[in-house]
Amino acid sequence: MRTHHCNEIRPSHIGQKATLIGWINTVRDQGGVIFVDLRDREGITQCVFRPEESAEAAEISHKLRSEDVIQVKGIVRERLKAEGVDTTNDNLETGQVEIVVASVTIVNKAEVLPFQLDKELSNEDLRMKYRYLDIRRPRMTRNLRTRHRVTKSARDFLDEQGFCEIETPILSKSTPEGARDFLVPSRLQSGHFYALPQAPQQYKQLLMVGGIEKYFQIAKCFRDEDLRADRQPEFTQIDIEASFVNQDDVIGLVEGLLGRIFKEARDTEIPASFERITWKDAMDQYGSDKPDRRFGLNFVDLTEELKDCEFRVFSGAVASGGIVKAINAKGFADISTGQIDKLTKLAQAAGAKGLAYIQARGEERDTWRSPFVKRMTDTEVEALRNKLNIEAGDLILFAADQWEPACDVLGRVRLACAEMQNLLEGNTELDFLWVTEFPLLAFDEEEGRYVAVHHPFTRPLKEDEEKLLKGELSTDLRAQAYDVVLNGNELGGGSIRIHEAPLQSAMFTALGISEEQAQEEFSHILDAFKFGAPPHGGLALGLDRLVMLICGEESIREVIAFPKNNKGSDLMSLSPAEVDPKQLRDLRIQSTAKKPTPNGAPA
Ligand code: ASP
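In short, a report on the structure. Just so it is clear, the model here is predicted, and its values are computed rather than measured. (Residues numbered from 1 in each chain as written. Predicted model: local features only at pLDDT ≥ 70, side-chain atom pairs only at ≥ 80, totals over all residues. Heavy atoms only, no water.)

1. Topic: the overall build of the protein
Stated formally: Counting from the N terminus, the helices are the DSSP runs of H or I reaching at least four residues and the strands are the DSSP runs of E reaching at least two. Throughout, a residue-residue contact means that at least one pair of heavy atoms, one from each residue, lies within 4.5 Å. Residue-level accessible areas treat just the shown protein chains as cover; the underlying method is Shrake-Rupley with a 1.4 Å probe. Think of it this way: Lys and Arg go in the positive column, Asp and Glu in the negative one, and His and the chain ends go nowhere. Charge placement uses NZ in Lys and CZ in Arg. For Asp and Glu, CG and CD serve respectively.
What the protein contains, in helices and strands, is 16 helices and 24 strands. Viewed in the frame of its principal axes, the protein has a C-alpha envelope of about 95 × 75 × 55 Å. Sequence-distant contacts in the protein: of pairs separated by 6 or more residues, those separated by 24 or more amount to 67%. Carbon and sulfur atoms make up 49% of the accessible area of the protein, which amounts to about 30,300 Å² in all. Charge separation in the protein, taken as the distance between the mean sites of 77 positive and 98 negative side-chain charges, equals 5 Å.

What follows is the structure, encoded as structure tokens:
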């Protein structure tokens, strides 16, 4: 159908015959001569219909409309460039040439599109309804092709490292990854359900017991969670597991993998290895387990300096075993009342009672605007000035509470403050980082029991193994778990696993899973660990988020061909939808839902 694609013809082709096929990007009538910009996924070529070259083609050209699919045959010519007239276009790679059309076939007419393809469209619902048209836009085409490059280079790299791509079941069993499962009713065994995998965690570990040694999969995962900008009910991971490895081996492998992906998908060299920071230090310095280190606003500890402060918010927190921390937002003393309110609300939403601040308008303390500075001694003010390096024009923001909530609140305030101050404007840095030594357990106040911070198969640090076996539980137990972070985004995470039945049983007990329940739900894993399970570990990278960052997009929906909206609906195919009652009868299922909403989603 074509001799060249629409971004191929160059001055070296002048005089040659060419056949192109594609969509009409634009049609322009210039004094009876029709110019068509013909587009395919590679680019655009200008085609000219001159009556003197072909009366028939020129005649047809008057009927052409945007997005018609046409095939043109003609001769490559140089575009006119003489004194006073220059028809060349430096913005197009084919901008020095054009096709003078000898014949044209209208392959398929297009109706007027619901939106223009050459303009950004803010109505996302409309884009989703006509996603196949949205994908025609160069930005979407580029994103999906970049996604292909990412998965291709991951496959190539892992293959070269000896990893085998192995599929694991989609119809599987409920797994304890921490989110709600999507369930699929079984017709053959009524009353029984499959669960869609939240991750292939148990299967990949069982492949290690099976002696595969090096596994990977571009794995679809399903989690029935409330959706956010960077979450989808179904998403993709580059899922990896290997035997006879320690944490350094997994980290080294993933650094190599990311290096290859960034080189091939973005033509960017990244460091051969990334800095590592423990979870404890990340929280202590940045108030986040995925710190964005591209701007300052580092935490300064003031617990000692403010422990006797007359302002009870500070001294009270310290007296009850807590801490006081602050950040200095340089030059932001002129923050508006509205912005202070916004930061305060954010702190409150994260569990703080309020947000203490100082607007240091001048050098002297009497120029400082703050609800509490007058209750501080000179020594305390001097300590603040020195430790926080306070100068005229600075804004100081505080958090005072127990260590973890105080760090968490100040971490959120820090990010919001950086955004208000536009600290990342024009920043093109790629800051990769490992966060290690995550806690093994967290205490769930609501359920009154410990839960796994990563998942129940994660191994404690050697030093903490004994404690787990003895049931000496606390949130201080650390795990051989690691996350890889890029610019404040978690790219992925993993751990070295438990591979012995007694340690795995101890972990289940720690999580309040009874022996019977463990046998019922996890006997396959516990049994497998009795038959010579190799030491193993792995990690999963979130493919959607990785591609989003590589493409410079803000939402993973921009890098998924057919995503769901924030209600979990596909507006194009209108799923989820009601089904034929017969289908439910076959499954012996009856819906108790009231009235469905117009797009079929349950009310
Ligand atoms: N299965 C884990 C997850 O989805 C990743 C891993 O531990 O390999 O978070």
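That was the structure; now back to the text.
2. Details of the site of the ligand
Rules: Nearness is judged by heavy atoms alone; a residue qualifies as near a molecule or strand once a single heavy atom is within 4 Å of it. Whenever two N or O atoms come within 3.5 Å, that pair is a polar contact, provided that in protein one can donate a hydrogen and the other can accept it, and provided that, for residues adjacent in sequence, both atoms are side-chain atoms. Here the term charged refers only to Asp, Glu, Lys and Arg, the term nonpolar to Ala, Val, Leu, Ile, Met, Phe, Trp, Tyr, Cys and Pro, and the term polar to all other amino acids, Gly among them.
Looking at the ligand, there are 13 residues lining it, with Gln-201, Lys-204, His-454, His-455 and Arg-497 nearest. Contact distances for the ligand include 2.7 Å between a nitrogen atom and a side-chain N or O atom of Gln-201. Bound to the protein, the ligand loses 91% of the 270 Å² it would expose on its own. Within the residue set of the shell around the ligand, elements represented by two or more residues are helix 5 (201-209), strand 23 (489-496) and strand 24 (536-542). The class makeup of the residues in the shell around the ligand is 3 nonpolar, 6 polar and 4 charged.

3. Digging into helix 14 (residues 515-528)
Note the threshold: A helix's residues, less one, multiplied by 1.5 Å, set its expected span. The quantity called bend is, for any residue, the angle between two axes fitted respectively to the seven residues ending at it and the seven beginning at it. Here the term buried applies to any residue with accessible area under 20% of the maximum for its type, exposed to any over 50%, and partly exposed to those in between, with areas from a 1.4 Å probe on protein chains only.
Along its 14 residues, helix 14 runs just 16 Å from first to last C-alpha, ending more than 12% under the 20 Å computed at 1.5 Å per residue. At Phe-522, helix 14 shows its largest bend, some 90°. Ala-518, Phe-522, Ile-525, Leu-526 and Ala-528 are the residues of helix 14 that are buried.

4. Concerning a negative patch on the surface
The criterion, for reference: Patches in this entry comprise residues that are over 30% relatively accessible and not in a salt bridge; like charges within 9 Å are linked, as are nonpolar side chains (Val, Leu, Ile, Met, Phe, Trp, Tyr) within 5 Å. The term salt bridge refers to a pairing of a side-chain nitrogen on Lys or Arg with a carboxyl oxygen on Asp or Glu at a separation within 4 Å.
On the surface, Glu-515, Glu-516, Glu-520 and Glu-521 cluster together into a patch of negative charge. Relative to the elements of secondary structure, Glu-521 occurs in helix 14.

5. Regarding the nonpolar core
Heads up, the rule is: For the purposes of this section, nonpolar cores are sets of buried Ala, Val, Leu, Ile, Met, Phe, Trp, Tyr and Cys residues that join through side-chain atoms within 4.5 Å.
Ranked by internal contacts, the top residues of the largest apolar core, which has 57 residues, are Leu-397 and Val-435. No other element matches the 8 residues that helix 11 (residues 403-420) contributes to this core. Once residues within four sequence positions are removed from consideration, Val-435 is found in contact with Ile-277, Thr-278, Trp-279, Ala-282, Asp-289, Pro-291, Ala-481, Tyr-482, Asp-483 and Val-485. In this structure, Ala-154, Val-254, Val-547 and Ile-560 belong to the second largest nonpolar core, which totals 40 residues.

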